[in-house]
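Overview (structure and organization)
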Amino acid sequence: MKGIAIGKEKGHIVTKKTVAPRPSTRKGTLGKRTAFVRSLVREVVGFAPYEKRILELLRIGKDKRALKFAKRRLGTHLRAKRKRDEMSDALRKHHK
């Protein structure tokens, strides 16, 4: 029974209000323009020296050493993992 004073379904019956999503939910998602600009900059400028070293470590199969090196340069484990994945993707694209 709904709408009574006790139990699991207690209280006044109301309809749920549909709330628009907050802007904070899309914070940090990559937009089309930003993605394009970043790819263009990467194409023109190339890799930073530390990124070249990570690529070299990945080429010779030292994934863990590349992660450690990236962690020292970037500060956090998560950023280092992302960078290592980004660099390994770049290597895969380069070989194709």
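So, a few notes on the structure that sits alongside this text. (Residues numbered from 1 in each chain as written. Predicted model: local features only at pLDDT ≥ 70, side-chain atom pairs only at ≥ 80, totals over all residues. Heavy atoms only, no water.)

1. Notes on the pattern of salt bridges
Per the counting criterion, the structure on display carries six salt bridges. Here Glu86 and Arg42 are joined by a salt bridge, their closest N and O atoms 2.9 Å apart. Remark: Arg42 occurs in helix H1 (residues 32-45) and Glu86 occurs in helix H4 (residues 77-95); sequence separation between them is 44 residues. Assessed through its relative accessible area of 35%, Glu86 is described here as partly exposed. (Salt bridge = Lys/Arg side-chain N within 4 Å of Asp/Glu carboxyl O. Helix = DSSP H or I, 4+ residues; strand = E, 2+ residues; numbered from the N terminus. Buried < 20%, exposed > 50% of the residue type's maximum accessible area, 1.4 Å probe, protein only.)

2. Focus: a positive patch on the surface
Taken together, the side chains of Arg53, Lys62, Lys64, Arg65, Lys68, Lys71, Arg72 and Arg73 define a basic patch exposed on the protein surface. A total of six residues in the positive patch trace back to one element, the largest contributor, which is helix H3 (residues 63-74). Relative to the helices and strands, Arg72 is located in helix H3. A relative accessible area of 73% means that Arg72 is categorised as exposed. (Patch = residues over 30% accessible without salt bridge, like charges linked within 9 Å, V, L, I, M, F, W, Y side chains within 5 Å. Areas by Shrake-Rupley, 256 points an atom, 1.4 Å probe, with all protein chains shown as cover. Lys, Arg positive; Asp, Glu negative; His and termini not counted. Charge placed at Lys NZ, Arg CZ, Asp CG, Glu CD.)

3. Notes on the side chain of Lys83
Note that Lys83 resides in helix H4. Note on Lys83: relative accessible area 12%, which makes it buried. Within the structure, the side chain of Lys83 is placed 2.6 Å from the side chain of Glu51, a separation counted as a polar contact. Apart from residues no more than four positions distant in its own chain, Lys83 is found in contact with Arg42, Tyr50, Glu51, Ile54 and Leu74. (Polar contact = N/O pair within 3.5 Å; in protein donor to acceptor, adjacent residues only side chain to side chain. Contact = heavy atoms within 4.5 Å.)

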